[in-house]
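Architecture at a glance
Residue-level listing of the chains:
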Amino acid sequence: MKNALRYFLAAASLAALGSHADTIVLSADAMVDVESGKLIQNPAIIIEDDKIVSVTTQDALSDFSEATQRIELKGKTLLPGLMDMHTHLTSDPHEHGYKRLATSQNRALLKGVGYAEATLMAGVTTVRNVGAGGYTDVALRDAINDGELVGPRMFVSGPSLGITGGHCDSNLLPPEYKAKGQGVADGPWEAVAKVRENIKYGADVIKVCATGGVLSKGTKVGAQQYSFEEMKALVDEAHRRGLIVAAHAHGAEGINNAIRAGVDSIEHGSFVDKEGIKLAKKNGTYFSMDIYVTEYILGEGEAAGILEESLAKERMTGETQRENFRKAHDAGIKMVMGTDAGVYPHGDNLKQLSRMVTFGMTPIEALQAASINGATLLKKEKELGSIAEGKYADIIAVDGNPLDDISLLEDVSFVMKDGVVYKQ
Ligand SMILES: [Zn+2]
């Protein structure tokens, strides 16, 4: 065990089971194998420290039964810990618009401590956090990795890159306040420099705002923002340094421009057209479409401070995005689960799965999007994304069969990350 907290949690969970062995045998009624797409009956998973060393069945288990710790989850189905490719763990979902201006980055980070824990307890063991001022996401990631805090495995972007006055700038205040988003960079060379700066301060991924957005003041949701030259320059720099690029893009021109420039994922993707679908298929670009959040924005958004202009933009975006989610999936585009949690409450991430099924996926496809596809996008498929030998022991469980009822994922009853039980 790497540190005191992890040791304490591991010891607590093992003590509850009566011993202190390093090897855990985890069994349940069934397991979703996201790689084959099949439900495996009576699985038994052998875990040593933070890794899965064997995936077998309870029938084949006699060799292990006396020498190891047992965690028996009767009536439950195991799944890999799920992966949300679009979160804002240091954003307060109840503070939008002008309300958010009163919160310092230090305060945002402190709020993020609880949000990270809520996210993990919901069954999301890995997040890609795309957009955080002040590198609050870097601090949170490092504290979780060092065992000081409880939360998901985080891959983080730091401040989102964007143009002056664009979706990722700070546009709420008049000029005398000189407010400016930390990731603002105009022109190819400034954009390249900003990529380098984000890497210097700890980014694992680059987030760029390619078009206007719903929640930013004064931007047209569909309009392209970065030019091709700017986008290509920053994507090339990120790729040279071994980082993937996530592009916030709603409008078709901006989506197509971003895909042509080589981004790894399109976030939102609301108004994708035929050309965009063709390009994404050709280039292997992932789509991360947040099709649950519209319900929160239109339901609770006004009370949370979302501006009327943003609510109006959401009314003309949400339904189209859902129709285009179906089209993108039907066309065979690679899809991940990205929720935009932080715009809506952390811990509600997996409510999106049932919407992904409503809008065209089978339950196993939605679960694959939220696991192995996320791992592949992050280029971590050898370590994460499924319950398989050699991977990190990130495992969750639900009561019953999630392939019959995907909404069971809204009530995850067991969470293990890195071989440590956090919820049982
Ligand atoms: Zn977002």
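Below you will find a few notes about this structure.

Thresholds applied
Residue indices follow the written sequence of each chain, beginning from 1 at its first position. Local features in this predicted model are restricted to residues of pLDDT 70 or higher, and side-chain atom pairs are both shown and tallied only at a pLDDT of 80 or more, whereas totals for entire chains, interfaces and linings draw on every residue. In computing side-chain values, all of the structure's heavy atoms are included and hydrogens and water are not. Stacked, tilted and edge-to-face are the three classes applied to pairs of Phe, Tyr and Trp rings, where Trp contributes its six-membered ring and a pair requires centres within 6.5 Å; stacked means planes under 30 degrees apart, edge-to-face means over 60, and tilted covers the rest. To sit over a ring, a charge needs its Lys NZ or Arg CZ within 6 Å of the ring centre and within 35 degrees of the ring normal. Orientation is described by axes fitted as lines to C-alpha atoms, over the contacting stretch for helices, and by angles from 0 to 180 degrees between their N-to-C directions. In this description a helix means any DSSP run of H or I spanning at least four residues, a strand means any run of E spanning at least two, and both kinds are numbered starting from the N terminus. Working definition: roughly parallel below 35 degrees, roughly antiparallel above 145 degrees, roughly perpendicular at 65 to 115 degrees, and oblique for all remaining angles. By convention the crossing between two helices is left-handed if the near helix lies anticlockwise of the far one by an angle smaller than a right angle, and right-handed if it lies clockwise. Whether two residues touch is decided by their heavy atoms; if any such pair falls within 4.5 Å, the residues are in contact. Side-chain classes follow a simple rule in which Ala, Val, Leu, Ile, Met, Phe, Trp, Tyr, Cys and Pro form the nonpolar group, Asp, Glu, Lys and Arg form the charged group, and the remainder, Gly included, forms the polar group. Metal coordination here is assigned from N, O and S atoms located within 2.8 Å of the ion, or within 3.2 Å for Na, K and Ca; omission of water means that sites may look incomplete. Buried means the residue's accessible area, taken with a 1.4 Å probe over protein chains only, is under 20% of the maximum for its type, while exposed means over 50%, and partly exposed covers the values in between. Cysteine sulfur atoms that come within 2.5 Å of each other are treated as a disulfide pair. Strand pairing is assigned whenever DSSP detects at least two bridges linking the two strands.

1. Here's the deal with the packing of aromatic side chains
- For the coordinates displayed, the defined rule picks out three aromatic pairs.
- Each member of the aromatic cluster is reached from another via a ring pair, and the members are Tyr-292, Tyr-296 and Tyr-344.
- A cation over a ring is seen here: Lys-51 above Tyr-392, with NZ or CZ 4.8 Å from the ring centre.
- The ring of Tyr-392 is capped by Arg-153, whose NZ or CZ atom sits 4.4 Å from the centre of that ring.

2. Section: the packing of helix 2 (residues 105–121) against helix 3 (residues 136–145)
- At a minimum axis distance of 10 Å, the contact between helix 2 and helix 3 shows a crossing angle of 40 degrees. By the criterion of interaxial angle, the relationship of helix 2 to helix 3 is oblique. Note that helix 2 runs across helix 3; the crossing there is right-handed. Mapping the contact onto sequence places Gln-105, Leu-109, Gly-112, Val-113 and Ala-116 in helix 2 and Thr-136, Ala-139, Leu-140 and Ile-144 in helix 3.
- Within the contact of helix 2 with helix 3, the residues separate by chemical class into six nonpolar, three polar and no charged.

3. With respect to the coordination of the zinc ion
- Taken together, the protein ligands of the zinc ion are His-86 (NE2), His-88 (NE2) and Asp-340 (OD), with distances of 2.1 to 2.2 Å.
- Motif for the zinc ion, donor spacing along one chain: H-x1-H-x251-D. In this structure, His-86 and His-88 share a single accessibility class: buried.

4. Section: the state of the cysteines
- Tallied over the entire structure, the rule returns one disulfide.
- Here Cys-168 is linked by a disulfide to Cys-209, with a sulfur-sulfur distance of 1.7 Å. On the criterion of sequence distance, the pair formed by Cys-168 in the loop between strand 8 (153–156) and helix 4 (188–200) and Cys-209 in strand 9 (residues 205–209) is long-range, its members being 41 residues apart. One exposure class covers both Cys-168 and Cys-209, and it is buried.

5. Concerning the sheet that holds strand 7 (residues 124–129)
- Taken together, the three strands give an open sheet; going across it, the order is 6-7-8, and neighbouring strands pair in parallel fashion. Two strands close off the open sheet at either side, each with one partner strand: strand 6 (82–87) and strand 8. Within the sheet, the average angular offset between the axes of one strand and its neighbour, ignoring direction, is 15 degrees.
- The pairing of strand 6 with strand 7 spans four bridges and is classified as parallel. Across the sheet, the residue bridging to Met-83 is Thr-126, located in strand 7.
- Running over the sheet, helix 3 touches strand 7 and strand 8 and is turned about 150 degrees from strand 8.

6. Some points on the environment of Asp-92
- Looking at the element boundaries, Asp-92 is found in the loop between strand 6 and helix 2.
- Among the residues examined, Asp-92 registers a relative accessible area of 9% and is labelled buried.
- Along the primary structure Asp-92 and Leu-82 are separated by 10 residues, whereas in three dimensions their C-alpha atoms are 22 Å apart.
- Once residues lying within four places of it in the same chain are set aside, the contact partners of Asp-92 are Arg-100, Lys-111, Tyr-115 and Gly-342.

Spatial relationships are all this shows, so hold off on functional conclusions.
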